[in-house]
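Residue-level structural notes
For reference, the chains in residue letters:
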Amino acid sequence: MNTVKILTLVSLTGTALMGGVFYAFGTAIMGSLQRMPAGQGAAAMNLINVRIQNPLFLLIFLGTALVSLALAVLAFVKDSPGAWWLVGGAALYVVGVMVISFSINIPLNDSLAAVDPTTAAGHTEWANYLAKWNPANNVRAISCTLAVVAFGLALHAGSTTTVAPSRPSQNAQPNLSTEPDR
């Protein structure tokens, strides 16, 4: 297996893992926190935001971006099959996950952490947080899903083999029909 295929598998796997995290937040976690009393939901989210900053999460989150960027460059340097799928997958992850995270989700996390969740200001911040964080998170989940598809198509493009046309077998019966072939 060559370097580009290995990096493609790494990017595909990291993107799939991150997509699963974003999907879980979008479909279960945030809806549950939203149904809690405002102060409790916000406090729980603040705890999650502290705990998620662990070495394994950060390795996958940031490492996938770095590998994807390297992969996009290598795809053209090595003239890899499926190069455009590799660039597309990398762009989807970098823009749809990293740019969205650092421009929307992380600043919202910081703003939520800066207020006391039990106060009126905390309740207002929590409502603002939910209104903006959830849609941005959904963009991240969709971007990951599309990036996984792109990386998968790139792997497929690199594994397609050409099959030589088959010759008729020696036992094949000749076409004795008087009708013209259509």
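Below or above, wherever it landed, is the structure these notes cover. If you're wondering where the values come from, they're calculated on a predicted model, not measured in any experiment. (Residues numbered from 1 in each chain as written. Predicted model: local features only at pLDDT ≥ 70, side-chain atom pairs only at ≥ 80, totals over all residues. Heavy atoms only, no water.)

1. Thoughts on the overall build of the protein
Here is the rule: Think of it this way: any DSSP run of H or I at least four residues long counts as a helix, any run of E at least two long counts as a strand, and we number them from the N terminus. Think of it in three bands: residues with accessible area under 20% of the maximum for their type are buried, residues over 50% are exposed, and the middle band is partly exposed, with areas taken using a 1.4 Å probe on protein chains only. Contacts are assigned to residue pairs with any non-hydrogen atoms lying within 4.5 Å of each other. Throughout, the Shrake-Rupley method with a 1.4 Å probe supplies accessible areas, and for residues the shown protein chains are the sole cover considered.
Assigned secondary structure in the protein consists of five helices and zero strands. In the protein, the order of α-helices and β-strands from amino to carboxyl end is α-α-α-α-α. The buried share of the protein, taken over its 182 residues, is 36%. Contacts spanning at least 24 positions in sequence make up 80% of the contacts within the protein whose residues lie at least 6 apart. Accessible surface computed for the protein: about 10900 Å², of which carbon and sulfur atoms make up 66%.

2. Describing the environment of Ala-16
If you trace the backbone, Ala-16 turns up in helix α1 (residues 3–35). For the pair Ala-16 and Thr-145, spaced 129 residues apart in sequence, the C-alpha to C-alpha distance is 7.1 Å.

3. Digging into the environment of Ala-90
When you line up the elements, Ala-90 lands in helix α4 (residues 83–113). Here the alpha-carbon distance between Ala-90 and Ala-72, two residues 18 residues apart in the chain, equals 6.3 Å. Sequence-distant contacts of Ala-90, defined by excluding residues within four places in its chain, comprise Ser-68, Ala-72 and Phe-151.

4. Focus: a nonpolar patch on the surface
What counts is decided by this rule: Think of a patch as exposed residues, more than 30% relative accessible area, with no salt bridge, where like charges cluster within 9 Å and nonpolar side chains (Val, Leu, Ile, Met, Phe, Trp, Tyr) cluster within 5 Å. For this analysis, a salt bridge means a side-chain nitrogen from Lys or Arg found within 4 Å of a carboxyl oxygen belonging to Asp or Glu.
On the surface, Met-1, Ile-6, Leu-9 and Val-10 cluster together into a nonpolar patch covering about 380 Å² of accessible area. Look at Met-1 and you get exposed, because its relative accessible area is 73%.

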